[in-house]
Amino acid sequence: MNARSRTNWAGNIAFGAPGFYRPSSLSELQAIVARSGRIRVLGTGHSFNDLADSPGAQVTLAGLPPEVSVDSARSLARVAAGLSYAEIAGRLDERGFALRNLASLPHISVAGAGATATHGSGAANQNLAAAVAGLTLVTAGGDLVELAREDGAVVHLGALGVVSSLVLELVPSFDLSQWVYEDLPLETLDDHFDELMASGYSVSMFTDWRAPRLTQLWIKQPPGVPCPVTQEPWFTASPALSARNPVPGAPPENCTEQLGVPGRWHDRLPHFRAEFKPSAGDELQSEYLLPVAQAVPALHALNEIRDRLAPVLLICEIRVIAADQLWLSTCYRQDSVAFHFTWIPDTAAVLPVVTLLEHQLAPFTPRPHWGKVFTTPPEELRARYDRLPDFLDLMHRLDPPGKFRNAYTTRYLDPT
């Protein structure tokens, strides 16, 4: 594969790295890293900016042995960094274990999700990175280093080294059912946002911003638990009578089973089935996380510009995520609400709208998702992470020559 043909999943980023490697063993990976001048990991490519690019080489971990080893006594699993959640979920379930949460797409890599603080939904659920108890890192010299969550390295943006494996915290396997409701007036959220978001194990709200209403509300709940959102008077949406896709016009067959049918955790937590094409396909994405207490004012701020959002928007998803202690996490020490935007694949049309919505959300100091499209000035972004100086100290200690840095890390983490 040459540099000209390598792009991210959406196709909006053409990688400029002249070198590309696919090692088949850990020792081969160590040797590649040791002899490279500059190198970055390319995962499943589900980032929408230049986070994964490199002035030297890129390396994929997809060829490494697909390790998934479970320590049942400690409820931990060591998994190879190149695996996706779809590839590990069934193997964990066979051993009687689960992850607390998953993202809407099971196709993303475990390592990439942890490195960027990617998340699912649920008022009591932390993001996917919070499940990482430790990781094995290939450093600039090709050596292996074991790091724990407390070391501040979990959300690392690829700036510390190459993660070869991760240790994940597990819970007993469980079942979920999911229901979809349609057409909830936005004004209902003024008094009932928290109640709605706490009405299931995982809840997602969707709107296309073409009118002041939610197009869909997805609720994932353990079987047998009553779905409280059917109770009047505060809930007026109609239950969907057949399967739905949150993206208008997209086939419902691509989505996980609905209508209250019970299924395993890994077949219900994602919105999209592992065997089908992810999400909308050709698209751009942006996402902003801010304190959950500001959710309703932020919704009103976005509603003020829905005439600008709607023409370039496929769908907007609203979720909540519990706080964590990870230094570069978008949920660091704050229970958060996330506003996710799936855009049409037209960068020139989308970017001005992204800047506008950032202006609307500015009073709430949002943290953009590290791997998506945003225009937040770097100095503003850096100011939103109290532990960034500690992370930079760790980065300089683990990677003194800057082997794993690129234009993205220089721009947003350390311009010196």
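Residues numbered from 1 in each chain as written. Predicted model: local features only at pLDDT ≥ 70, side-chain atom pairs only at ≥ 80, totals over all residues. Heavy atoms only, no water.

**Remarks on helix α10 (residues 388-398)**
Burial in α10 covers these residues: Leu 388, Phe 391, Leu 392, Leu 394, Met 395 and Leu 398. Across the axial projection of α10, the buried residues extend over an arc of 160°, all falling on one side. Exposed side of α10, more than 90 degrees from the buried face: Asp 393 and Arg 397 are the residues found there. Where α10 is buried, its residues meet β7 (132-138), β8 (144-148) and α9 (378-383). (Buried < 20%, exposed > 50% of the residue type's maximum accessible area, 1.4 Å probe, protein only. Helix = DSSP H or I, 4+ residues; strand = E, 2+ residues; numbered from the N terminus. Arc of directions from axis to C-beta. Contact = heavy atoms within 4.5 Å.)

**Some details on the pairing of β8**
Note: β7 against β8, 5 bridges, orientation antiparallel. Each residue of the ladder has a partner; that of Leu 137, found in β8, is Val 145. Between the end of β7 and the start of β8, which pair antiparallel, lie 5 residues, with Gly 142 showing a positive phi angle near 90°. (Pairing = 2+ DSSP bridges.)

**Details of the confidence of the model for the protein**
Averaged over every residue, the pLDDT of the protein is 94; the share at 70 or more is 96%. Taken together, the stretch residues 230-234 has pLDDT below 50 and engages in 8 contacts with residues farther than four places along the chain or on a different chain. (pLDDT = per-residue confidence, 0-100.)

**What to know about the side chain of Gln 360**
By secondary structure assignment, the location of Gln 360 is in helix α8 (residues 347-361). Take Gln 360: its relative accessible area is 16%, and that puts it in the buried class. A distance of 3.2 Å separates the side chain of Gln 360 from the side chain of Glu 304, its partner in a polar contact. Not counting the four nearest positions on each side in its chain, Gln 360 is found in contact with Ala 301, Glu 304 and Ile 305. (Polar contact = N/O pair within 3.5 Å; in protein donor to acceptor, adjacent residues only side chain to side chain.)

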